[in-house]
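Take a look at the letters that make up each chain.
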Amino acid sequence: MRAAGLALLAALAAPLSLAASPAAAQVRVTFVAPERYTDAQNRFGSGPSLRVVLAEMRRLFETLGDAVLAPGQALDIAVLDIDLAGLDQPSFGAAQGVRVVTDITPPRFRLRYALKERGRTVLAAEETVSDINFLLRATRLSSGQTFFYEREVLRDWFQARFVQRRPPPG
């Protein structure tokens, strides 16, 4: 059932990814030592595999970047760590585990990035992206979306850094 759902999502997303592919070159994503990430690998069967998580995160960064970057801009992102919202927990009665999301388990990304305009670096930093208030976004509309909390936190980060040009904290 889970495989069929993922296949359906991939089939529905394919036309969107083809339409966005010419602009997708603006964002380049690399994953640094993903086997060491805090919480991106499915340990108890409660979610997608590491390969699927990384593919979805790459697509998410590219889509968000394409939406906010201006022509002539390019963004290089090195993902240093991923900690998905919630905690992966074993389940006692089910064959698969469960991901338990609470207000003390926000999604967290450690990123190193460089924004370039016409080949010149205009912003470069390393920061941890998170939002302790991430559950305030919870609505019935979010219940079926994969990586909803992660998507919203990253969307806000893209807006703050690359649209509003707010500097990283610290």
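Residues numbered from 1 in each chain as written. Predicted model: local features only at pLDDT ≥ 70, side-chain atom pairs only at ≥ 80, totals over all residues. Heavy atoms only, no water.

Novice: Help me get a handle on the overall build of the chain, residues and values and all.
Specialist: Looking only at helices and strands, the chain has three helices and six strands in total. Going from N to C terminus, the chain has its helices and strands arranged as α-β-α-β-β-β-β-β-α. Here the chain holds 170 residues, and the buried ones make up 39% of them. Across the chain, contacts joining residues at least 24 apart in sequence account for 69% of those joining residues at least 6 apart. (Helix = DSSP H or I, 4+ residues; strand = E, 2+ residues; numbered from the N terminus. Buried < 20%, exposed > 50% of the residue type's maximum accessible area, 1.4 Å probe, protein only. Contact = heavy atoms within 4.5 Å.)

Novice: Break down the packing of aromatic side chains for me, citing the residues and quoting the values.
Specialist: The final tally for this structure, using the stated rule, is nine aromatic pairs. Here Phe134 and Tyr149 contribute two aromatic rings whose centre-to-centre distance is 5.2 Å and whose plane-to-plane angle is 85 degrees, an arrangement assigned as edge-to-face. Placement of the pair is Phe134 in the loop between β6 (120-130) and α3 (148-163) and Tyr149 in helix α3, with a sequence separation of 15 residues. The residues Phe134 and Tyr149 share a single accessibility class, namely buried. (Phe/Tyr/Trp six-rings, centres within 6.5 Å; stacked < 30°, edge-to-face > 60°.)

Novice: Go over the environment of Glu126, please, and point to the residues and values.
Specialist: Structurally, Glu126 is set in strand β6. Assessed through its relative accessible area of 45%, Glu126 is described here as partly exposed. On a C-alpha basis, the gap between Glu126 and Ala114 in space is 9.0 Å, while along the polypeptide they are twelve residues apart. Not counting residues within four places of it along the chain, the set of residues in contact with Glu126 comprises Leu80, Arg110, Leu111 and Arg112.

Novice: So what's going on with the pairing of strand β1 (residues 27-31)? Residues and values would help.
Specialist: Side-chain alternation along β1 places Val27, Val29 and Phe31 on a buried face and Arg28 and Thr30 on a face that remains uncovered. Relative to strand β2 (residues 73-83), β1 runs parallel, the two sharing five bridges. Across the sheet, the residue bridging to Val29 is Ile77, located in β2. (Pairing = 2+ DSSP bridges.)

Novice: Give me the lowdown on the nonpolar core, citing residues and values where you can.
Specialist: Counting 36 residues, the largest nonpolar core has Met57 and Ile82 as its most contacted members. When contributions to this core are tallied by element, the ones reaching two or more residues are β1, α2 (50-68), β2, β5 (108-117), β6 and α3. For Ile82, the contacting residues outside a window of four places in its chain are Phe31, Tyr37, Thr38, Asp39, Ala40, Leu54, Met57, Arg108 and Phe109. (Core = buried A, V, L, I, M, F, W, Y, C linked by side-chain atoms within 4.5 Å.)

Novice: Lay out unusual backbone geometry in plain terms, naming residues and giving numbers.
Specialist: Across residues other than glycine, the phi torsion is negative in most instances, and most of the peptide bonds are trans. Positive phi, normally seen in glycine, also occurs at Arg118, with a value near 50 degrees. Considering the arrangement of structural elements, one finds Arg118 in the loop between β5 and β6. Phi angles above zero are rare outside glycine, and Arg165 is one such case at about 60 degrees. As for its position among the elements, Arg165 is in the segment after α3. A relative accessible area of 40% means that Arg165 is categorised as partly exposed.

By themselves, these are just geometric observations and shouldn't be taken as functional.
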